[in-house]
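Listed here are the chains, written in short residue letters.
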Amino acid sequence: MLIRTVPFDHPDAVRLNARVQSEYAERYGDDGDITPLVPAMFEPPRGLYLIAYDEDGSPIATGGWRRQDANDEGYADGDAEIKRMYVIPEARGNGLSRRMLADLEDNARASGRTRMVLETGTKQPEAVSLYVSSGYVLCPKFGLYRFDELSLCYAKPLAAPVAAGAAAADGATADDLAPQC
């Protein structure tokens, strides 16, 4: 498997986005995610868009992050928002989404972002499981769907990991290091 950085409007990204939108529409009985997205949002250093390819060169997964700062939609300064995380059904169950998520977090951290945020829905239990098992916690809702009862918002701090010995030397407790929204 190969993960490549691509523009949000790359032909493979467009095809995978159509697939995820179709899945959203099927799960929620609507037209899919209507959050306005444009390619410039994912151009470094303001964001990143990734596609994973299998050994045959076929696109099998996608995901990106875009910069957010405090605004009237509930974002905070330093936020990096995950968008369009998707693995095609045939490639699920192999840890690909976890690897994509880690790559997005690493890149956002390196770009100076301090918190990764995402919005998912109650009808996406696989996504919820991935994010919770990756250290994300529920947080106050933000974004276009912040008033939707089916919306769930999660956050995870992107600060560099603190070694347990260093935390103890600084007098920090486990509660001091717990994720905060």
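Provided above is the structure to which this section pertains.
Below is a summary of the structure that appears in this document.

Definitions and limits used
- Residues numbered from 1 in each chain as written.
- Predicted model: local features only at pLDDT ≥ 70, side-chain atom pairs only at ≥ 80, totals over all residues.
- Heavy atoms only, no water.
- Salt bridge = Lys/Arg side-chain N within 4 Å of Asp/Glu carboxyl O.
- Helix = DSSP H or I, 4+ residues; strand = E, 2+ residues; numbered from the N terminus.
- Buried < 20%, exposed > 50% of the residue type's maximum accessible area, 1.4 Å probe, protein only.
- Expected span 1.5 Å × (residues − 1).
- Arc of directions from axis to C-beta.
- Phe/Tyr/Trp six-rings, centres within 6.5 Å; stacked < 30°, edge-to-face > 60°.
- Pairing = 2+ DSSP bridges.

1. Considering the pattern of salt bridges
Right, on to step 1. Tallied over the full model, the rule gives 13 salt bridges.
Right, on to step 2. The shortest N-O distance in the salt bridge between Lys83 and Asp33 comes to 3.4 Å. One end of the pair, Lys83, is in strand S4 (residues 79-87); the other, Asp33, is in the loop between helix H1 (11-28) and strand S2 (47-53), with 50 residues separating them in the sequence.
Right, on to step 3. Classification of Lys83 as buried rests on a relative accessible area of 5%.
Right, on to step 4. Two residues, Arg115 and Asp79, come together in a salt bridge whose shortest N-O distance is 2.7 Å. Here Arg115, found in strand S5 (residues 115-121), pairs with Asp79, found in strand S4; they are 36 residues apart in sequence, far enough to count as distant. The burial state of Arg115 is the same as that of Asp79; both residues are buried.
Right, on to step 5. It is possible to trace a salt-bridge network through shared partners that takes in Glu23, Arg27, Arg92 and Glu126.

2. Quick notes on helix H2 (residues 96-110)
Right, on to step 1. Helix length check: H2, at 15 residues, gives a terminal C-alpha distance of 21 Å against a target of 21 Å (1.5 Å per residue), a fit within 8%.
Right, on to step 2. Turning to H2, its buried residues number three or more, namely Leu96, Met100, Leu101, Leu104, Glu105 and Ala108. The arc enclosing the buried residues of H2, seen along the axis, measures out at 165°, which places them on a common side.
Right, on to step 3. Where H2 ends, the next residue or the one after it, Gly112, has phi of about 90°, a positive value.

3. Re the packing of aromatic side chains
Right, on to step 1. Scanning the entire structure with this criterion turns up five aromatic pairs.
Right, on to step 2. Between Phe8 and Tyr49 the ring centres are 5.1 Å apart and the planes differ by 85°, which places this aromatic pair in the edge-to-face class. Linking Phe8 in the loop between strand S1 (2-5) and H1 with Tyr49 in strand S2, this pair joins segments that are 41 residues apart in sequence. An identical accessibility class is assigned to Phe8 and Tyr49; each is buried.
Right, on to step 3. One aromatic cluster is present, built from ring pairs that chain together Phe8, Phe42 and Tyr49.

4. Structural notes on the pairing of strand S7 (residues 151-157)
Right, on to step 1. Judged by how many residues are buried, S7 sits mostly within the fold: six of seven residues are covered.
Right, on to step 2. Bridge analysis of S5 against S7 gives seven bridges, and the strand direction is antiparallel. Bridging across to S7, Thr120 finds its partner in Leu152.
Right, on to step 3. Note that strand S6 (residues 137-138) and S7 share two bridges and pair antiparallel. Bridging from a neighbouring strand, Val137 pairs with Ala155 of S7.

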